[in-house]
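Letter by letter, the chains look like this.
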Amino acid sequence: MALLELDGVSKAFGSLKAVDNVSFKVEAGEIFGIAGPNGSGKSTLFNTITGIPFGPDRGTIRFDGVEIQKLRGHRIARLGLARTFQRETAFDGLTVFENALMGSAFGGQQTVEAAASAAEALEFVGFSAQDFGRPAGELSVFQRKCLMLATAIAMKPKMLLLDEPASSLTKPEIDSSIELIRRTAARGITILLIEHVLTLLMSLSQHLLVLNEGSVLALGDPRTVVADQRVVEAYLGSRKVA
Ligand SMILES: Nc1ncnc2c1ncn2[C@@H]1O[C@H](COP(=O)(O)OP(=O)(O)OP(=O)(O)O)[C@@H](O)[C@H]1O
């Protein structure tokens, strides 16, 4: 049984079909990539899956055997589905540790366990104990992305939805992100990943889905998908993908 299964999922804003009849499956343990041009519906798709801030208008979403398309965001999170956002979101006035604690507490853990998971997740993404007391507002963009990831990992999710984890990063930071996502998957967390940076998608994903104008344009092995002429025309232009 797939860990996540979408069947005919749609979401419209007025007459704009932002997500249009999308179906796919993500198997437990894999890294599944989603690409597509600006405005193709990637973030809206994540929103409909997580219920944050809204679910789909139509279609079925099954996570770990449970239909979630009508559940509220916090219920979905507590089933083990966590997400990060395109823009680095953190509570700037709270410390690094308090931010991660928000994740483990939101995930439903009690005080002692929540503190331990927060500390472990922060160390896992590269924070030292000295960083724990720093205000999140002091962090660099890369560190804020790491904090957002740690906050999600502290929830102890079965699956993590990462929305453009490499945006606004330098090449060495992108390489560090690739390594971090790989290590996160090695913890047994299934990953659904939206990204514009193709090197990241190509080096990490076992399956790649390309959205165009809200619909699935191509789905399959990443190398086959990026060689698909429709994908080249819609998304890659004339750029060659090594
Ligand atoms: N809350 C909203 N209200 C109205 N229209 C929206 C809303 N959210 C998204 N849209 C529209 O839905 C379409 C899909 O947007 P979405 O942000 O999902 O695309 P995307 O593929 O994630 O784009 P990008 O790569 O630029 O982040 C766009 O035309 C966008 O303007």
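Predicted model only: the values in this text are computed from it and were never measured.

Draft legend 1. Quick look at the site of the ligand. Near the ligand there are 14 residues, and of these G39, G41, K42, S43 and T44 occur at the shortest range. G39 is positioned such that a nitrogen or oxygen atom in its backbone is 2.8 Å from an oxygen atom of the ligand. The separation between an oxygen atom of the ligand and a polar side-chain atom of K42 is 2.8 Å. Relative to its free-state accessible area of 630 Å², the ligand is covered by the protein chains to the extent of 62%. For the shell around the ligand, the secondary-structure elements that each account for two or more residues are β2 (16-26) and α1 (42-50). The element best represented in the shell around the ligand is α1, accounting for 3 residues.

Draft legend 2. Expanded view of the sheet that holds strand β10 (residues 215-220). The 6 strands are arranged β6-β7-β8-β3-β9-β10 in an open sheet whose pairing can be described as mixed. Two strands in the sheet have a free side with no partner beyond their single neighbour: β6 (81-83) and β10. Here the strands of the sheet are splayed against their neighbours by 15° on average, with no regard to which way each runs. Where strand β3 (residues 31-35) meets strand β9 (residues 207-212), 4 bridges bridge the pair, whose relative direction is parallel. Note that in β9 the partner of A35 across the bridge is V210. Here helix α6 (residues 171-186) sits on the sheet in contact with β3, β7 (159-163) and β8 (190-194), set at roughly 150° to β8.

Draft legend 3. Up close: the confidence of the model for the protein chain. The pLDDT averaged across the protein chain works out to 91; a share of 97% of its residues lies at or above 70. This model gives residues 238-242 a pLDDT under 50, and the stretch forms 5 contacts once residues within four places in sequence are excluded.

Draft legend 4. Here's a closer look at the packing of helix α3 (residues 96-106) against helix α4 (residues 111-125). Relative to each other, α3 and α4 sit at 120°, their axes nearing to 8 Å. Between α3 and α4, the crossing angle belongs to the class labelled oblique. For the crossing formed where α3 meets α4, the hand is right-handed. When α3 is examined against α4, the residues V96, F97, A100, L101, S104 and A105 are found in contact with a partner set consisting of A114, A115, S117, A118, A119 and L122.

Draft legend 5. Up close: α1. Summarising burial for α1: 8 of the 9 residues are buried, a large majority. Of the positions making up α1, those classed as buried are K42, T44, L45, F46, N47, T48, I49 and T50. A positive backbone phi angle near 75° is found at G51, which sits one or two residues after α1.

About the cut-offs
Along each chain, the written sequence defines residue order, and numbers are assigned to residues from 1. This being a predicted model, a pLDDT of at least 70 is required before a residue's local features are given, and a value of 80 or more before pairs of side-chain atoms are given or counted; all residues contribute to the totals for chains, interfaces and linings. Water and hydrogen atoms play no part in the side-chain values, which are based on all heavy atoms of the structure. Near, as used in this document, describes a residue that has one of its heavy atoms within 4 Å of the molecule or strand being considered. Any pair of nitrogen or oxygen atoms within 3.5 Å is treated as a polar contact; in protein, a donor-acceptor pairing is required on top of that, and neighbouring residues in sequence qualify only through side-chain atoms on both sides. Reported accessibility uses the Shrake-Rupley method at a 1.4 Å probe radius. Residues are deemed covered only where the shown protein chains occlude them. Secondary structure elements are defined from DSSP: runs of H or I of at least 4 residues count as helices, runs of E of at least 2 residues count as strands, and each element is numbered from the N terminus. For two strands to be treated as a pair, DSSP must find no fewer than two bridges joining them. The axes used here are C-alpha line fits, helices contributing only the stretch in contact, and every angle between their N-to-C directions lies in the interval 0 to 180 degrees. Any two residues whose heavy atoms approach within 4.5 Å are treated as being in contact. Predictor confidence is given residue by residue as pLDDT, running from a minimum of 0 to a maximum of 100. For classification, angles of less than 35 degrees are called roughly parallel, those exceeding 145 degrees roughly antiparallel, those between 65 and 115 degrees roughly perpendicular, and all remaining angles oblique. Should the near helix be turned anticlockwise from the far one by less than a right angle, the crossing is termed left-handed; should it be turned clockwise, right-handed. Only protein chains enter the accessibility calculation, which uses a 1.4 Å probe. A residue is then buried if its area is under 20% of the maximum for its type, exposed if over 50%, and partly exposed in between.

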